[in-house]
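Spelled out from the first residue to the last, the chains are:
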Amino acid sequence: MKKIIVNGGLSLRGKVVPQGSKNAALPILFATLLTDGVSVLRRVPEIGDVEVAIRILKSFGASVIRDGECLIVDTRSLKYTKPDSALTSKIRASSYLIGASLGRFGLVEIAPIGGCDFDKRPIDMHLAAAAALGVERFGDTLTAKKLVGGEITFDKVSVGATINALLMASVAEGKTVIKGGAREPHVLSLAEFLISAGADIAYDGDKVFVTGRPLRGGNYTVIPDMIEAGTYLSLAPLTDGEITVEGNVAVYLDAFLNLFKAGGASVTADSAQTTFRGNLTAEINVKTEPYPGYPTDLQPQLCPLMARFFGGSIEETVWRGRFGYLEALSRFGVGYTRYESFAKIHPSELKGASVHSPDLRGGAACLMAALAAKGKSEIYMPEVIMRGYERLEEKLSSLGADVKIVD
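Attention here is on the structure that accompanies the text. (Residues numbered from 1 in each chain as written. Predicted model: local features only at pLDDT ≥ 70, side-chain atom pairs only at ≥ 80, totals over all residues. Heavy atoms only, no water.)

1. Structural notes on the overall build of the protein chain
- Tallying secondary structure elements over the protein chain gives 14 helices and 23 strands in all.
- Taken along its principal axes, the extent of the C-alpha atoms in the protein chain is 60 × 40 × 40 Å.
- In the protein chain, buried positions account for 56% of the 407 residues.
- Here the contacts in the protein chain between residues at least 6 apart in sequence split such that 70% fall between residues at least 24 apart.
- Counting 45 positive and 45 negative side-chain charges, the protein chain places the centres of these two groups 2 Å from one another. (Helix = DSSP H or I, 4+ residues; strand = E, 2+ residues; numbered from the N terminus. Buried < 20%, exposed > 50% of the residue type's maximum accessible area, 1.4 Å probe, protein only. Contact = heavy atoms within 4.5 Å. Lys, Arg positive; Asp, Glu negative; His and termini not counted. Charge placed at Lys NZ, Arg CZ, Asp CG, Glu CD.)

This is the structure we're talking about:
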C-alpha cells in the first residue's frame, strides 16, 4: 500500500501549469469510439482515470499511443466486446460507454460503473435519453438497429446524461433536439471535439440541435482542469502563501473566484494567469449548483480553509450525500456539524493525522489539511487522489511542500 508523507506547516509559493481537464478528457476519449479514423488529442492528463479509460478503449481494438501529453487514438478497426467490469467499476466515466458503444456498435451490455462512492448515482436519465433515440433494453443489454434522432428533455441537470445524449445524437439518423442539458465547460468541450470530428452541433439558448453524421478522427486540445487549478489556488490562503496557476483558467471559475474575493483573499485573474495570495478575513458560505454555479468538485477543498479561519457552511445540491469525507477531515481537527445536504464547519486548530483517502476530492481536502497542519501526516491510498491529479508530488514539491509518496 502506498502513502503520502507530509510534513506540514510550510508556506507554499510558486507557479503551477494546469493539467488537461479530467472531466473533459474522459468523455472525449470515449467519444473516439464513434469515429472511424485517427484522433489527435493534446493535453491529456496522465492520471489514473485516463489510464483506465485507455485500457477500455484498447479492449475494443483501438490503438492508443501516448507521446507526452498527446494521445493518438486509432479507432478504424474496432470490434464490440463486453466491457470488462474490473475496469468499468474503477471509473464513473465508464457510463459514457452507453452512448459511445450504442453509437458505434448498436449494442452495449451495462457493466458496473465506478467512481467515488459518496452518493446514489443512478443512470435512469442516461437510459431515458437512449430510449428517446430508439434504443431498446433487454435486462442489462441495450440495443438499437439504428439510432434515430428525436427529442430529449431533461427535467434536471445531469452532466453524464447530457454527454451520452450528445454522443448518440452525433451519429443518429436525422435531427435531435436536447433540452435542459448540462452546460459545464467539459460538456461544451466534448461538443467541440465532436465538431472537429465532423459532427453537426449547434447551441441556441437552452437547446442543442444535433444532426447525425458519420464521424472521422478528431483533432483537439483538452481545456485546462478547473478543479485542479482551484485546488492549488486554495492552498495559498490556507498556507499563508502565494500561488499562480498559468493559463486562462479564470474563464471557468467565476463562482469560485467570487467566493474567495468575498472571503477577503487577494485574487488577480486574467487570460494569462490567476494568482491567490493572503489570508481569508471573513467567514465563507457556499451553495453548490450546476455550472455556472459553484462546482461540487471544489466543495471538499473549502473545509480546511473554513476550519483554519472563521468557519463557514456548505449546502450541497448536486450530490446531496457528498459529506462522507468529513469523518477523515475530523482526524486533522476539523470540527463540523453535518446534515444530509448541509454542513457547518467550525473554526478549528489543524493538526497532523494518519488517514485513508476517502474519495478523490475528499482525499485532496485531507492532503490540503495535512499541508496546513504543523507536524507529520500520512495519507494512505494516494492513488485515489491521483485519479484526478497529475504529477502530484512533483507539483507540490515545486511550491515548497515537504511531501513524498512511498510504498
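2. A short note on the sheet that holds strand S6 (residues 107-109)
- Read from one edge of the open sheet, three strands run S6-S8-S7, paired in antiparallel fashion. At either margin of the open sheet sits one strand with a lone partner, and together these are S6 and strand S7 (136-138). Within the sheet, the average angular offset between the axes of one strand and its neighbour, ignoring direction, is 20°.
- Bridging between S6 and strand S8 (residues 141-143) involves three bridges; their strand directions are antiparallel. Bridge pairing in S8 links leucine 107 to threonine 143.
- Together, S6 and S8 form the strand contacts of helix H4 (residues 97-105), whose direction differs from that of S6 by roughly 145°. (Pairing = 2+ DSSP bridges. Axes fitted to C-alpha atoms, helices over the stretch in contact; angles between N-to-C directions.)

3. Some remarks on the nonpolar core
- Formed by 70 residues in total, the largest nonpolar core has its most connected members in Phe30, Leu41, Leu166 and Leu194.
- Listed by contribution, the elements that provide at least two residues to this core are helix H1 (22-31), helix H2 (48-59), strand S5 (70-74), H4, helix H5 (124-132), helix H6 (159-171), helix H7 (185-196) and strand S12 (207-211).
- Those residues in contact with leucine 166 that sit more than four places away from it in its chain are Ile178, Val187, Leu190, Leu194, Ile201, Tyr203, Val208 and Val210.
- Counting 67 residues, the second-largest nonpolar core is a separate cluster that includes Ala229, Val267, Met306 and Phe323. (Core = buried A, V, L, I, M, F, W, Y, C linked by side-chain atoms within 4.5 Å.)

4. Observations regarding a nonpolar patch on the surface
- Nonpolar side chains collect at one region of the surface, where Val38, Ile65 and Ile72 lie side by side and expose about 220 Å² of accessible area between them.
- Within the secondary structure layout, isoleucine 65 lies in strand S4 (residues 63-67). (Patch = residues over 30% accessible without salt bridge, like charges linked within 9 Å, V, L, I, M, F, W, Y side chains within 5 Å. Areas by Shrake-Rupley, 256 points an atom, 1.4 Å probe, with all protein chains shown as cover. Salt bridge = Lys/Arg side-chain N within 4 Å of Asp/Glu carboxyl O.)

5. Considerations on helix H9 (residues 254-262)
- Within the sequence span of H9, burial applies to Phe256, Leu257, Leu259 and Phe260. Take H9 and look down its axis: the buried residues cluster within an arc of 160°, on one side only. Summarising the geometry of H9, the exposed residues directed more than 90 degrees from the buried face are Asp254 and Ala262.
- Each element contacted by the buried residues of H9 is listed here: helix H8 (226-238), strand S15 (266-269), strand S16 (273-277), strand S17 (284-287) and helix H10 (302-308). (Arc of directions from axis to C-beta.)

6. Thoughts on the side chain of threonine 88
- With respect to the helices and strands, the residue threonine 88 is situated in helix H3 (residues 85-88).
- Here threonine 88 is in contact with Ile56, Pro83, Ser94, Leu97, Ala111, Pro112, Ile113 and Gly114, once residues within four sequence places are set aside.

7. Brief notes about the packing of aromatic side chains
- Inspection of the entire model under this criterion finds 10 aromatic pairs.
- Ring centres of phenylalanine 60 and phenylalanine 105 lie 5.6 Å apart, and the angle between their planes is 20°; this geometry places the pair in the stacked category. One end of the pair, phenylalanine 60, is in the loop between H2 and S4; the other, phenylalanine 105, is in helix H4, with 45 residues separating them in the sequence.
- Given a relative accessible area of 2%, phenylalanine 60 falls into the buried group.
- Taking relative accessible area as the criterion, phenylalanine 105 reaches 23% and is therefore assigned partly exposed.
- Taking 5.7 Å as the distance between ring centres and 10° as the angle between the ring planes, the aromatic pair formed by phenylalanine 256 and phenylalanine 276 counts as stacked. Taken as a pair, phenylalanine 256 in helix H9 and phenylalanine 276 in strand S16 lie far apart in primary sequence, 20 residues in all. For the pair phenylalanine 256 and phenylalanine 276, one class covers both residues: buried.
- Members of the aromatic cluster, each reached through a chain of ring pairs, are Phe256, Phe260, Phe276 and Tyr294. (Phe/Tyr/Trp six-rings, centres within 6.5 Å; stacked < 30°, edge-to-face > 60°.)

8. A word on the sheet that holds S12
- Strand order in the open sheet formed by four strands is S9-S10-S12-S11, and the pairing between neighbours is mixed. Two strands in the sheet have a free side with no partner beyond their single neighbour: strand S9 (151-153) and strand S11 (200-204). This sheet shows a mean twist of 15° between the axes of neighbouring strands, independent of strand direction.
- As judged from the three bridges shared by S9 and strand S10 (residues 175-179), these two strands associate in the parallel manner. Across the sheet, glutamate 151 pairs through a bridge with valine 177, a residue of S10.

9. Structural notes on the environment of alanine 111
- With respect to the secondary-structure elements, alanine 111 resides in the loop between S6 and H5.
- As a C-alpha pair, alanine 111 and serine 94 span 17 residues in sequence and 8.6 Å in three-dimensional space.
- When neighbours within four sequence positions are excluded, alanine 111 is seen to be in contact with Pro83, Ser85 and Thr88.

10. Re the packing of H4 against H6
- Between H4 and H6, the shortest axis-to-axis distance is 7 Å and the interhelical angle comes to 10°. In terms of their interaxial angle, H4 and H6 are classed as roughly parallel. Across the interface between the two elements, Ile98, Gly99, Ala100, Leu102 and Gly103 of H4 pack against Asn164, Leu167, Met168 and Val171 of H6.
- In terms of residue class, the contact of H4 with H6 is made up of six nonpolar, three polar and no charged. (Parallel < 35°, antiparallel > 145°, perpendicular 65-115°, else oblique. Nonpolar A, V, L, I, M, F, W, Y, C, P; charged D, E, K, R; others polar.)

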